[in-house]
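Geometric and topological summary
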Amino acid sequence: MLEQTKMTLTTKVLIGMGLGILAGLAINLLGYKEGTFVEDNIVNGLFFIIGKMFVTALKMLVVPLVFFSLISGVLGIGDINILGKVGAKSFIFYLLTTALAIMLAITIATMIGIGENANLSTAAVFTVKEAPPLSTVIIDIIPGNIIDAMASGKMLQIIFFSILTGVSILMVGEKAEPIVELIEISNEIMMKMVTLVMEVAPYAVFALLAKAIANLGLGLLADLAGYVLVLIFALMIHLFVTLMVVLKVFSGMNPSVFLKKMRETQVFAFSTSSSNATIPVTLRTVIDRLGVNNSVASFTVPFGATINMDGTAIMQGVATVFIANAYGVELGMMGYLTVILMSVLASIGTAGVPGVGLIMLSMVFTQVGLPVEGIGLILGVDRLLDMIRTAVNVSGDAAVSVIVAKSEGKFNAAVYNNPEAGILTEENLNIDVSAEHELAEVVQETHDRS
Ligand code: ASP
């Protein structure tokens, strides 16, 4: 019994993931058919409802969390020059890791020569959605209406407004002290809300994965095994080798500690397929478990979720080589350089939400003259690959957060090295009843007075 209450949330989430995959596989393999009881009531009923409610709850947290934590981050830094340095450094590292990712992907895929005898008849119809041009992306950083920006979750606009608010509060100085306190407390309340939502994570992860795997076209996976395996291989090399070398070289911190502490966040990213929806969890892990100061993390994490997509870049590299080979198109050196540049730029312009990688890919294809219909070839297996690459995307965000924080002296190595730091167990999730009563009394007194 005692053992059970001590089980950490990470362990439970991992169990949820394992069981979810098994349940999904069982449903899939035992002849999952459309219109059956299992499809209507379990997969598209129970699993869908639980998963959707959880992802919506995570999304609910994103905007207020980013808003309050970023303002309090700016107040914590207190110096506009340092703020500029954090911004510039994280931007450079995000571009660097994305460029490394796509170069690695193109190298591996060309060396293996994937797609040379692909079966073009499996192509599904792919309708192209327009990706925004870079000029629009840059202009769009400034929100015309902040309520609209918040309502539609436009991350770069929210980041811009929060930083401006923080800087203005600093400039007002002493008079703004009540607001500073309000922001700090609001930030703490939002972080608490994250831990509350995470309490149901093991069940939600189970439901999300069972549904995703039950719906996967496993036959298609076999057809496209070459593409899928090469892509997963490149993603793993980037996560375990490239990113960890970058982390070690630029921060000196131990990569295996990083990987261990990131497991939970990776599972969230894997189950939601969305870097954006994972922001609350990434932020909590980076601050409480990896020792990055809120002043840096509150900026680098939402910024990274929006502009840094290493896993997505890898998918684009492998997919480009695959489709070029399948259609017998010779891209040449210039073609590949264009792909590298385009996919780094495309990752800045598109948000971290499910499936967006394919939209970016169509942008890359148009630029290098590859048939956009070719995307239909890989569409069927993209759901699973999206899950895996999103886990790589958030790992890149966290690694860069550690590097930037360390270089700015906004990093607590003792927290990073402490395996217990920030761990969630049922014990520390429990609400302190006496504190709760005290607060209720204060509220009552205030009511009585008024
Ligand atoms: N789902 C990915 C993310 O949110 C983006 C993509 O590759 O489609 O990071």
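The following refers to the structure shown. (Residues numbered from 1 in each chain as written. Predicted model: local features only at pLDDT ≥ 70, side-chain atom pairs only at ≥ 80, totals over all residues. Heavy atoms only, no water.)

Considerations on the overall build of the protein
Test applied: The helix count covers DSSP runs of H or I at least four residues long, the strand count covers runs of E at least two residues long, and both are numbered beginning at the N terminus. Atoms counted for the radius of gyration: C-alpha only. Globule rule: 2.2 Å times the number of residues to the power 0.38. Accessible area is worked out with a 1.4 Å probe on protein chains only. A residue is then buried under 20% of its type maximum, exposed over 50%, and partly exposed in between. Residues count as neighbours in contact if any of their non-hydrogen atoms are within 4.5 Å of one another. A positive count includes Lys and Arg, and a negative count includes Asp and Glu. His and the chain ends are not counted in either. Lys charges are placed at NZ, Arg charges at CZ, Asp charges at CG and Glu charges at CD.
Looking only at helices and strands, the protein has 22 helices and zero strands in total. Its C-alpha radius of gyration of 23 Å places the protein within 12% of the 22 Å reference for a compact globule of 450 residues. Taken over the C-alpha atoms alone, the protein extends approximately 75 × 55 × 40 Å along its principal axes. A buried classification covers 53% of the 450 residues belonging to the protein. When contacts within the protein are restricted to residue pairs at least 6 apart in sequence, those whose partners lie at least 24 apart make up 86%. The protein carries 23 positive and 34 negative side-chain charges, and their two centres are separated by 5 Å.

Describing the packing of helix α7 (residues 155-172) against helix α14 (residues 294-307)
Which entries qualify depends on this criterion: Interaxial angle, 0 to 180 degrees, is taken between N-to-C directions of lines fitted to C-alpha atoms, where a helix line uses only the stretch in contact. Our angle categories are set so that under 35 degrees counts as roughly parallel, over 145 as roughly antiparallel, 65 to 115 as roughly perpendicular, and the remainder as oblique. Each crossing gets its handedness from the near helix: less than a right angle anticlockwise from the far helix is left-handed, clockwise is right-handed. Note on residue classes: Ala, Val, Leu, Ile, Met, Phe, Trp, Tyr, Cys and Pro are nonpolar, Asp, Glu, Lys and Arg are charged, and everything else, Gly too, is polar.
In contact at an axis separation of 9 Å, α7 and α14 are set at 155 degrees when each is read in the N-to-C sense. Between α7 and α14, the angle is such that the two are roughly antiparallel. Two packed elements cross with a definite hand, and for α7 against α14 that hand is left-handed. On α14, the residues that touch Met 155, Leu 156, Ile 159 and Ile 163 of α7 are Phe 299, Pro 302, Phe 303, Thr 306 and Ile 307. Its residues assigned to classes, the contact of α7 with α14 shows eight nonpolar, one polar and no charged.

Focus: α14
Since one α-helical turn is 3.6 residues long, residues separated by three or four positions face the same way. What counts, and what does not: By this rule the span expected of a helix is its residue count minus one, scaled by 1.5 Å.
Taking 1.5 Å per residue, 14 residues should reach 20 Å; α14 reaches 19 Å between its end C-alpha atoms and fits that length. Across the 14 residues of α14, 14 count as buried, placing the element largely inside the fold.

Description of the side chain of Thr 272
With respect to the element layout, Thr 272 can be found in helix α12 (residues 255-272). Setting aside its immediate chain neighbours within four residues, Thr 272 contacts Val 55, Leu 58, Leu 208, Thr 278 and Pro 354.

Some details on the site of the ligand
Stated formally: Distances are taken per atom, and a residue is near a molecule or strand as soon as one of its heavy atoms is within 4 Å of it. Between N or O atoms, a polar contact is any pair within 3.5 Å; within protein, one atom must be a potential hydrogen donor and the other a potential acceptor, and residues adjacent in sequence are included only when both atoms are from side chains. Using the Shrake-Rupley algorithm and a 1.4 Å probe, accessible areas are obtained, with residue cover drawn only from the displayed protein chains. Cavity: a set of points on a 1 Å grid over the protein atoms alone where a 1.4 Å probe fits but cannot get out. Pocket: an open set with protein on both sides within 12 Å along at least five of seven lines, its lining residues, like those of a cavity, having an atom within 4 Å of a point. Pocket occupancy is defined atom-wise: a molecule lies in a cavity or pocket when more than half of its atoms are within 2 Å of its grid points.
Looking at the ligand, there are 14 residues lining it, with Ser 275, Thr 312, Gly 357, Asp 386 and Arg 389 nearest. Contact between the ligand and Thr 312: an oxygen atom at 2.6 Å from a side-chain N or O atom of the residue. Within the complex, the protein chains bury 100% of what would otherwise be the 270 Å² of accessible surface of the ligand. Taken atom by atom, the bulk of the ligand overlaps the largest cavity. Only α17 (356-368) and α19 (382-407) provide two or more residues apiece to the shell around the ligand. Among the elements that line the shell around the ligand, the one with the most residues is α19, at four residues. Partitioning the shell around the ligand into residue classes produces three nonpolar, nine polar and two charged.

A word on empty space enclosed by the protein
Our working rule: Grid points are joined across faces, edges and corners, and a volume is the space filled by probe spheres set on the points.
In this structure the tally under the stated criterion is one cavity of 30 Å³ or more. Within this model, the largest cavity holds a volume of roughly 60 Å³. Taken together, 14 residues line the largest cavity, and the ones lying closest to its centre are Thr 312, Val 353, Val 356, Asp 386 and Asn 393. Elements represented by at least two residues in the lining of the largest cavity include exactly α17 and α19. For the lining of the largest cavity, the leading source of residues is α19, giving four residues.

A look at helix α8 (residues 177-198)
Helix length check: α8 (22 residues) gives 32 Å between terminal C-alpha atoms against 32 Å at 1.5 Å per residue, within 8%. Within the span of α8, buried status applies to Ile 183, Ser 186, Asn 187, Met 190, Met 191, Val 194, Thr 195, Val 197 and Met 198.

What to know about the packing of aromatic side chains
Given two aromatic rings, one states the distance between the centres and the angle between the planes to describe the pair. Where we set the bar: Stacked, tilted and edge-to-face are the three classes applied to pairs of Phe, Tyr and Trp rings, where Trp contributes its six-membered ring and a pair requires centres within 6.5 Å; stacked means planes under 30 degrees apart, edge-to-face means over 60, and tilted covers the rest.
Inspection of every chain in the model, using the stated rule, returns ten aromatic pairs. For the pair Phe 54 and Phe 268, a centre-to-centre distance of 5.9 Å together with 40 degrees between the ring planes defines the contact as tilted. In this pair, Phe 54 sits in helix α3 (residues 37-77) while Phe 268 sits in helix α12, placing the two residues 214 residues apart along the sequence. Residue Phe 54 is classed as buried on the basis of its relative accessible area, which comes to 4%. Ring centres of Phe 93 and Phe 250 lie 4.9 Å apart, and the angle between their planes is 80 degrees; on these two criteria the pair is classed as edge-to-face. Pair noted here: Phe 93 is in helix α4 (residues 80-112) and Phe 250 is in helix α11 (residues 225-251), with a separation of 157 residues, a long-range link. For Phe 93, a relative accessible area of 12% puts it in the buried group.

Details of the nonpolar core
Cut-off, in case you're wondering: Throughout this description, the term nonpolar core refers to a set of buried Ala, Val, Leu, Ile, Met, Phe, Trp, Tyr and Cys residues connected via side-chain atoms within 4.5 Å.
Tyr 227, Phe 258, Val 318, Val 402 and Tyr 416 are the most contacted members of the largest nonpolar core, which totals 129 residues. With 16 residues, the single largest contributor to this core is α3. In this structure, Tyr 227 is in contact with Ile 114, Met 315, Val 318, Ala 319, Phe 322, Ile 378, Val 381 and Leu 385, ignoring residues within four places of it in sequence. Membership of the second largest hydrophobic core comes to seven residues, among which are Val 43, Ala 207, Ala 210 and Ala 214.

Observations concerning the pattern of salt bridges
Working definition: two side chains of opposite charge can pair if their charged atoms are close together. The line we're drawing: A pair is scored as a salt bridge if a Lys or Arg side-chain nitrogen falls within 4 Å of a carboxyl oxygen belonging to Asp or Glu.
In this structure the tally under the stated criterion is six salt bridges. In this structure, Glu 408 engages Lys 85 in a salt bridge whose closest nitrogen and oxygen atoms are separated by 4.0 Å. Note that Glu 408 is positioned in the loop between α19 and α20 (413-417) and Lys 85 in helix α4, a separation of 323 residues in sequence. Taking the relative accessible area as the measure of exposure, Glu 408 reaches 15% and is therefore buried. For Asp 382, the salt bridge is made with Arg 389, and the minimal N-O distance between the two is 3.0 Å. The buried category is assigned to Asp 382, whose relative accessible area is 4%. What emerges from the salt-bridge pattern is a single network uniting Lys 85, Lys 89 and Glu 408.

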